[in-house]
Amino acid sequence: GQQLNQSPQSMFIQEGEDVSMNCTSSSIFNTWLWYKQDPGEGPVLLIALYKAGELTSNGRLTAQFGITRKDSFLNISASIPSDVGIYFCAGQRYTSYDKVIFGPGTSLSVIP
Amino acid sequence: DTGVSQDPRHKITKRGQNVTFRCDPISEHNRLYWYRQTLGQGPEFLTYFQNEAQLEKSRLLSDRFSAERPKGSFSTLEIQRTEQGDSAMYLCASSLASLGAETQYFGPGTRLLVL
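Description of the structure in this document. Note that the structure is predicted; figures quoted are calculated from it, not measured.

## A short note on the pattern of salt bridges
Then step 1. Counted by the stated rule, this structure contains six salt bridges over all chains.
Then step 2. For Asp 83 of chain A, the salt bridge is made with Arg 60 of chain A, and the minimal N-O distance between the two is 2.8 Å. Here the residue Asp 83 of chain A occupies a position in the loop between β8 (71–76) and β9 (85–92), and Arg 60 of chain A occupies one in the loop between β6 (55–58) and β7 (61–65), the gap between them amounting to 23 residues.
Then step 3. Among the ionic pairs, Arg 22 of chain B bridges to Asp 24 of chain B, the shortest N-O distance being 2.7 Å.
Then step 4. Its relative accessible area of 33% is what places Arg 22 of chain B among the partly exposed residues.
Then step 5. By relative accessible area, Asp 24 of chain B is classed as partly exposed at 26%.
Then step 6. By sharing partners, the salt bridges in this structure join Arg 64, Glu 83 and Asp 86 of chain B into a single network.

Shown next, in the form of structure tokens:
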């Protein structure tokens, strides 16, 4: 079935550093999503991408929808302690209804 | 709070017991999804409703699992004869069907531990 791979699996960075993580798939997706999950909570949507090549920002976060529609990356600039959490990429085949297929996540730790 | 809510937040049960979880979606949302998440993994799709109709079920949803959304509002997920492998976080999400892109909003989850 469809599978997403995320790298790196985990990251330890100093506060103030920039972070980059990416997601690849063996299948094409028409929507790419980035979620953040804090311990004991549900995922919270950070950025949604709907068009190949699209670059979208949300505050210190920037994400891009790869041209091949099989990959996406997320950058976080000037990291702060509250950025700690697990970041999931996810894809949907269709822009209207489809289940969300999640990657395994990238765990981010920020050292003050 | 007008987000997706789930109840209970935590459930500990003994193997063989039945458990039921409830999800209240965002009020105007007509689509409701159930996902399961195990430690160190991303959520995996279980089933989905549009209004009261259950339109898709994953192979992960064994015969011991049943989900309902009787009036097209809240939903329940029941697990019969629980097994230790059922221990996981059960997440609910809701969305509003539209012609364009659709965003799913997740609840806080119900964490199940089967002893």
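## With respect to the sheet that holds strand β8 (residues 75–79) of chain B
Residue and element names in this part refer to chain B.
Then step 1. In space, the four strands of this open sheet follow the order β1-β3-β8-β7, with antiparallel pairing throughout. Across the chains shown, the open sheet's two edge strands, defined by having one partner strand only, are β1 (5–7) and β7 (65–68). Put simply, the sheet's adjacent strands are angled 15 degrees from each other on average, direction ignored.
Then step 2. Relative to β8, strand β3 (residues 19–24) runs antiparallel, the two sharing five bridges. Bridged to Val 19 within β8 is Ile 79.

Cut-offs applied
- Residues numbered from 1 in each chain as written.
- Chains lettered and ligands numbered in written order.
- Predicted model: local features only at pLDDT ≥ 70, side-chain atom pairs only at ≥ 80, totals over all residues.
- Heavy atoms only, no water.
- Salt bridge = Lys/Arg side-chain N within 4 Å of Asp/Glu carboxyl O.
- Helix = DSSP H or I, 4+ residues; strand = E, 2+ residues; numbered from the N terminus.
- Buried < 20%, exposed > 50% of the residue type's maximum accessible area, 1.4 Å probe, protein only.
- Pairing = 2+ DSSP bridges.
- Axes fitted to C-alpha atoms, helices over the stretch in contact; angles between N-to-C directions.

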